[in-house]
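Structural overview for review
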Amino acid sequence: MKQPFFIFIFFLSLPGSAQELYSATEPASNIAAGSIGFRLDNLVMNEINSAKTNYHLIPEILVGVSKKLMLQGNVFFSNRNKKFAGEGGSLYAKYRFLSNDAVQKHFRIAVFGRISRNSSDIHQEEINMNGHNSGFEAGIVATQLLRKVALSSSVSILKASDNGNNNKYLYGSVNSKAVNYTFSFGKLMLPKEYKNYRQTNINLMVEFLSQVNTGSGKYYMDIAPSVQFIFNSQSRIDIGYRNELSSTLLRTAPNGVFIRLEHNFFNVFN
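Report follows, based on the coordinates.

**Things to note about unusual backbone geometry**
L190 connects to P191 through a cis peptide bond whose omega is 5°. Positionally, P191 belongs in the loop between strand 8 (177-190) and strand 9 (201-213). Phi at N165 is positive, roughly 60°, even though this residue is not glycine. On the secondary structure map, N165 appears in the loop between strand 7 (149-161) and strand 8. On the basis of relative accessible area, N165 is assigned to the exposed category, the value being 64%. Positioned with a positive phi, N232 is a non-glycine residue whose angle comes to about 60°.

This is the structure in structure tokens:
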């Protein structure tokens, strides 16, 4: 547990308003009302005890229904089963019910939920509704913005079910539930002085991702540092690495590189 603590202190010591656009988690804030975003997540994960590399591609659409409600839908593709193919998708909704806004700072809380359907084989004890398991997730997230620093944390419950194509959940109904915990820290590094919305923003962030299976008591904890580039306040590129710090859960490919591409269209509808 010493490694994530020292990395967190390192980020706090960096010189440096912060962006609330994390790479591995969602903040309590939403995309602008009336806007539509297109996102492309790429995950290149190294399979344990194998030379195989798993590639996951997740295209996604985001809709800002209102300033409080955001909807997302995505589709899962991967090469796990010897060929690159579609495996399912999910629907996600987030509702921000608290906003305490002031100059260069705010505090927000939102509830969220995801329903997933997946047809791939079930190959690990970790429950993941974003590309591996069928089922649902529901949780709450809080985000604090303080000038150039943004802090965010969430907790959620997950319930896995059988996947499609007769791929049964292998670990018993008592082990089909889990709790996820996350903590994310982001800091705006550039520009040093904000002049206009066309300036390129560079953010550094570190995220801690953890899961505990409520049946078995097994867990994992990951760290995911990343760098983020935002162009014209409309497009973004995130590049990061997810690394397992500690785990007792069976996981086939916990470590690897992730790249997120996103572009938003503002004021598409009223």
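**Concerning the nonpolar core**
Judged by nonpolar contacts, A28, I31, L62, M70, Y92, A110, F112 and V141 together constitute the single largest core of 8 residues. Membership of the second largest hydrophobic core comes to 7 residues, among which are I122, M129, A160 and A178.

**Details of the sheet that holds strand 7**
Reading around the circumference, 1-2-3-4-5-6-7-8-9-10-11-12 is the order of the 12 strands in this closed barrel, with antiparallel pairing throughout. The average angle at which neighbouring strand axes cross in this sheet is 20°, direction not considered. As defined by bridge partners, strand 10 (residues 219-231) adjoins strand 11 (residues 235-247) across 10 bridges and the pair is classed as antiparallel. When the bridges of strand 11 are listed, F231 appears paired with S235.

Thresholds applied
Residues numbered from 1 in each chain as written. Predicted model: local features only at pLDDT ≥ 70, side-chain atom pairs only at ≥ 80, totals over all residues. Heavy atoms only, no water. Helix = DSSP H or I, 4+ residues; strand = E, 2+ residues; numbered from the N terminus. Buried < 20%, exposed > 50% of the residue type's maximum accessible area, 1.4 Å probe, protein only. Core = buried A, V, L, I, M, F, W, Y, C linked by side-chain atoms within 4.5 Å. Pairing = 2+ DSSP bridges. Axes fitted to C-alpha atoms, helices over the stretch in contact; angles between N-to-C directions.

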